[in-house]
Amino acid sequence: DSGVTQTPKHLITATGQRVTLRCSPRSGDLSVYWYQQSLDQGLQFLIHYYNGEERAKGNILERFSAQQFPDLHSELNLSSLELGDSALYFCASSPQSDTQYFGPGTRLTVL
Amino acid sequence: QKEVEQDPGPLSVPEGAIVSLNCTYSNSAFQYFMWYRQYSRKGPELLMYTYSSGNKEDGRFTAQVDKSSKYISLFIRDSQPSDSATYLCAMSGPNTGGFKTIFGAGTRLFVKA
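Described in the following lines is the structure provided in the data block.

Reading guide: rules and limits
Residues numbered from 1 in each chain as written. Chains lettered and ligands numbered in written order. Predicted model: local features only at pLDDT ≥ 70, side-chain atom pairs only at ≥ 80, totals over all residues. Heavy atoms only, no water. Pairing = 2+ DSSP bridges. Helix = DSSP H or I, 4+ residues; strand = E, 2+ residues; numbered from the N terminus. Salt bridge = Lys/Arg side-chain N within 4 Å of Asp/Glu carboxyl O. Buried < 20%, exposed > 50% of the residue type's maximum accessible area, 1.4 Å probe, protein only. Axes fitted to C-alpha atoms, helices over the stretch in contact; angles between N-to-C directions. Contact = heavy atoms within 4.5 Å. Buried area = accessible area lost by both parts, 1.4 Å probe. Polar contact = N/O pair within 3.5 Å; in protein donor to acceptor, adjacent residues only side chain to side chain. Nonpolar A, V, L, I, M, F, W, Y, C, P; charged D, E, K, R; others polar.

### Quick notes on the sheet that holds strand β1 (residues 4–5) of chain B
Residue and element names in this part refer to chain B. If you walk across this open sheet you meet the five strands as β1-β3-β8-β7-β6, and the pairing is antiparallel. Two strands in the sheet have a free side with no partner beyond their single neighbour: β1 and β6 (54–58). With six bridges connecting them, strand β3 (residues 19–25) and strand β8 (residues 71–76) associate as antiparallel partners. The residue of β8 that forms the bridge with Cys23 is Ile72.

### Quick word on the pattern of salt bridges
Residue and element names in this part refer to chain A. Counted under the stated rule, the structure contains seven salt bridges over all chains. A salt bridge links Asp29 to Arg26; the shortest N-O distance between them is 2.8 Å. Note on Asp29: relative accessible area 2%, which makes it buried. Among the ionic pairs, Arg63 bridges to Asp85, the shortest N-O distance being 2.8 Å. Residue Arg63 is found in the loop between β6 (53–57) and β7 (64–68), and its partner Asp85 is found in the loop between β8 (74–78) and β9 (87–94); the two are separated by 22 residues along the sequence. The pair formed by Arg63 and Asp85 is uniform in burial state, with each residue classed as buried.

### Considering the pairing of β8 of chain B
All names here are of chain B. Of the pairings in the sheet, the one linking strand β7 (residues 61–66) to β8 comprises six bridges and is antiparallel in character. Bridging from a neighbouring strand, Thr62 pairs with Phe75 of β8. With antiparallel pairing between neighbouring strands as the criterion, β7 and β8 make up a hairpin whose turn holds four residues, including Lys70 at a positive phi of roughly 55°.

### Focus on the sheet that holds strand β1 (residues 5–7) of chain A
All names here are of chain A. Strand order in this open sheet of four strands is β1-β3-β8-β7, and the pairing throughout is antiparallel. What marks the edges here is a single partner per strand, and that holds for β1 and β7. Averaged over all pairs of adjacent strands, the angle between their axes in this sheet comes to 15°, without regard to strand direction. Direction of pairing for β1 relative to strand β3 (residues 19–24): antiparallel, over a ladder of three bridges. In the strand pairing of β3, Gln6 is matched with Cys23.

### Focus: the interface of chain B and chain A
Each partner contributes residues to the interface: chain B has 18 residues there, and chain A has 17 residues. Taken together, both faces of the contact between chain B and chain A bury some 1,400 Å²; the carbon and sulfur share is 55%. Here chain B is connected to chain A by zero salt bridges. For the pair chain B and chain A, the number of links is three residue pairs in polar contact (both at pLDDT 80 or more). Mapped by element, the contributors of at least two residues to the side of chain B that touches chain A are β4 (32–38), β5 (45–51), β9 (85–95) and β10 (98–103) of chain B. Here the element with the most residues in the side of chain B that touches chain A is β4 of chain B; it accounts for four residues. Of the residues assigned to the side of chain B that touches chain A, the class counts are 10 nonpolar, five polar and three charged.

### Description of unusual backbone geometry
The amide bond that connects Thr7 of chain A to the next residue, Pro8 of chain A, takes the cis arrangement and shows omega of -10°. Note that Pro8 of chain A resides in the loop between β1 and β2 (10–13). Note that the residue after Gly9 of chain B, namely Pro10 of chain B, is joined by a cis bond; omega there is 10°. Mapped onto the elements of the fold, Pro10 of chain B is located in the loop between β1 and β2 (11–14). The backbone of Lys70 of chain B shows a phi angle near 55°, a positive value even though the residue is not glycine. By the element assignment, Lys70 of chain B lies in the loop between β7 and β8.

Listed below in structure tokens is the structure:
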């Protein structure tokens, strides 16, 4: 158990809908990262927050947004969902800028 | 050219074999090098972490970093069926405004009993 929690574990929704994925980092970690992993694909970096501020953006679509709250938990919002958005979404937290500890992921299925 | 190159495999070995997994990279600014293990549909789990060049050993796992060649390796001794997973290399270093971490695509390993 990495200490990073993600909810929900599974999410099934329809195209055009909007969903929110939630992540709680390990105690004391200020950094939160979001990744997308499609079937048989590598980890695609989406966005990084540090202590509430956005630090870096990867290949994140404009339909996706994220935020990190004062209690350090983070939410990833996915809107106008398309079939291609079906994937595993991982959150990771980090005490510094090097090692990242991953949560169990949220499996999103868009029908 | 990708910043990190990793052969996706699959790599299939018999139980007890020594496994060698490798990554090459192009960004000389990378300072921290990690290996993660990911079982199917689970979150990646940090296996090894090294800073700069050299070797690091932890049980059956040895990580090697050669910064001059921009090449990192993970060796697994006495491989077990439970080692069957995807192994991802990752590296990070300073970037504009902070740090940057890049993951390899992952090598799928199968250890046959």
